[in-house]
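Secondary and tertiary structure notes
Below, each chain spelled out in residue letters.
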Amino acid sequence: MTIRATTDVGDAVAALRDGGLVALPTETVYGLAGDARNQPAVARIFAAKGRPLTHPVIVHLPDAGVLDRWAAFVPPWAQLLADAFWPGPLTLIVPRAPGVLDTVTGGQPTVGLRVPAHPLALEVLRAFGDGLAAPSANRYGRVSPTTVEHVLAELGDVLEDDRDVVLDGGRCGVGVESTIIGAWDDTPRLLRAGAVTAEQVIELTGRDVSRVDGGVRAPGTTAAHYAPAARVMCVEVDALSATVSTLTGRVGLIALSTVPLPDFEHVRLATPADADEYAFALYAALRAADDAGLDVVIAVLPPDSGVGHAVRDRVQRAATAGVRA
Ligand code: TXA
Ligand code: MG
């Protein structure tokens, strides 16, 4: 039978205890969760996504109190971040505790940990009582889901109605994946931009942040990673007129409501008022472009501050994927 979405946390926890998978909402994007101590369950997450086994997955925790079951060591500056931002859109990559599955860490000596802020995810985690491995609930290389409809479109035919559960928690509030900070020595490393910004990390820890999100990336965050089928072109506001004058085909547009538009035929995919709304709207807009069969999506980049940095990063990756395809 085709799997359908539910809000029954009890069913979700029972499925996890039996080694099943649960697609669940977090405040960033939907995740595909399984018991992080259960090797066959974690293996099924990779199979469902079509994800290479070398890509580590994030372990989601009910609270920071269980950190030492998963981390061999947490630098004091990283503990400050956990105290300040958990539950919330921050993942810490720390040295792993003994017994953490190799499948979870992709064979790395580190493990990625976060406490998500969505009430349903927290309810599931607290009832389950320990770590849930959960990458974003999309097929490998595709845009992360921010609604339960996206999850069903991505994974509806690989999840099994009699052992897995899809939880409906509405639309994800943040809309882009968590900030990832490497925390294995004295230096905070920004491995993936998100709603928690480098500036916030600097302010809280009093340390410089090494920004590697645009260069060397965490395994699994390859440049061409968040891609719709339509060709994505990202442009700064000043370059919009020149870009649209060269276009053919059906064009979609994502731009802040404040951006002045040249005269050109297009489908408006999103009109966010600020960077937060841009993050919230981005992935749904990219999916809408594919649903409408558009050829090109022009994404006018928001200013590089706050979550705008993460939006720029995701749009640039989507554009890179188009160039390579
Ligand atoms: O917001 C999010 O982080 C969402 C929600 C579901 O929590 N999850 C998510 O997971 O985006 P995923 O698997 O799509 O991306 C996790 C990324 C990996 O691609 C990898 O870059 C990094 O986290 N990661 C996880 N564990 C790591 C480790 N031990 N070492 C280095 N990078 C790691
Ligand atoms: Mg992902």
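The preceding data block contains the structure.
Residues numbered from 1 in each chain as written. Chains lettered and ligands numbered in written order. Predicted model: local features only at pLDDT ≥ 70, side-chain atom pairs only at ≥ 80, totals over all residues. Heavy atoms only, no water.

Focus on the pattern of salt bridges
The final tally for this structure, using the stated rule, is 16 salt bridges. When salt bridges with common partners are traced through the structure, they connect Arg44, Glu160, Arg163 and Asp164 into a single cluster. (Salt bridge = Lys/Arg side-chain N within 4 Å of Asp/Glu carboxyl O.)

Here's the deal with the packing of helix α1 (residues 9-17) against helix α6 (residues 119-128)
Relative orientation of the contacting elements α1 and α6 amounts to 50°, with a least axis distance of 10 Å. If you check the angle between α1 and α6, you find them oblique. With respect to the hand of their crossing, α1 and α6 are arranged in right-handed fashion. Of α6, the residues touching α1 (which contributes Val9, Ala12, Val13, Leu16 and Arg17) are Leu120, Glu123, Val124, Ala127 and Phe128. In terms of residue class, the contact of α1 with α6 is made up of eight nonpolar, no polar and two charged. (Axes fitted to C-alpha atoms, helices over the stretch in contact; angles between N-to-C directions. Helix = DSSP H or I, 4+ residues; strand = E, 2+ residues; numbered from the N terminus. Parallel < 35°, antiparallel > 145°, perpendicular 65-115°, else oblique. Left-handed = near helix turned anticlockwise from the far one by under 90°. Contact = heavy atoms within 4.5 Å. Nonpolar A, V, L, I, M, F, W, Y, C, P; charged D, E, K, R; others polar.)

As for the packing of aromatic side chains
According to the stated counting rule, one finds zero aromatic pairs in the structure shown. Of note, Arg37 hangs over the ring of Trp70, and the distance from its end group to the ring centre comes to 3.8 Å. (Phe/Tyr/Trp six-rings, centres within 6.5 Å; stacked < 30°, edge-to-face > 60°. Lys NZ or Arg CZ within 6 Å of the ring centre and 35° of its normal.)

Describing the nonpolar core
Formed by 49 residues in total, the largest nonpolar core has its most connected members in Leu32, Leu92, Val104 and Leu113. Going through the elements one at a time, α2 (39-49), α3 (67-70), α4 (76-85), β5 (90-95), β6 (110-114), α7 (148-155) and α8 (198-205) are the ones with two or more residues in this core. Take this core: its biggest share by element is five residues, from α4. The residues contacting Val104, other than those within four sequence positions of it, are Ala36, Val42, Pro56, Val57, Val59, Val111 and Ala133. Membership of the second largest hydrophobic core comes to 44 residues, among which are Val174, Ala193, Leu269 and Tyr283. (Core = buried A, V, L, I, M, F, W, Y, C linked by side-chain atoms within 4.5 Å. Buried < 20%, exposed > 50% of the residue type's maximum accessible area, 1.4 Å probe, protein only.)

Observations concerning the sheet that holds strand β15 (residues 296-300)
Pairing is parallel in the open sheet, where four strands are placed in the order β12-β15-β13-β14. Whereas interior strands pair on both sides, the edge strands pair on one side only; in this sheet they are β12 (231-235) and β14 (267-270). With strand direction ignored, the average angle separating the axes of adjacent strands in the sheet is 25°. One ladder, built from five bridges, connects β12 with β15; its direction is parallel. Considered in β15, the bridge of Val232 is made with Val297. (Pairing = 2+ DSSP bridges.)

Some words on the sheet that holds strand β4 (residues 58-60)
The sheet built from eleven strands is open, its strands ordered β1-β8-β2-β3-β7-β4-β6-β5-β9-β10-β11 with mixed pairing. For this open sheet the edge positions go to β1 (5-6) and β11 (210-211), each flanked by a neighbour on one side alone. Across four bridges, the pairing between β5 and strand β9 (residues 179-182) is parallel. Bridge pairing in β9 places Ile93 opposite Gly182.

Geometric values such as these leave the question of function open.
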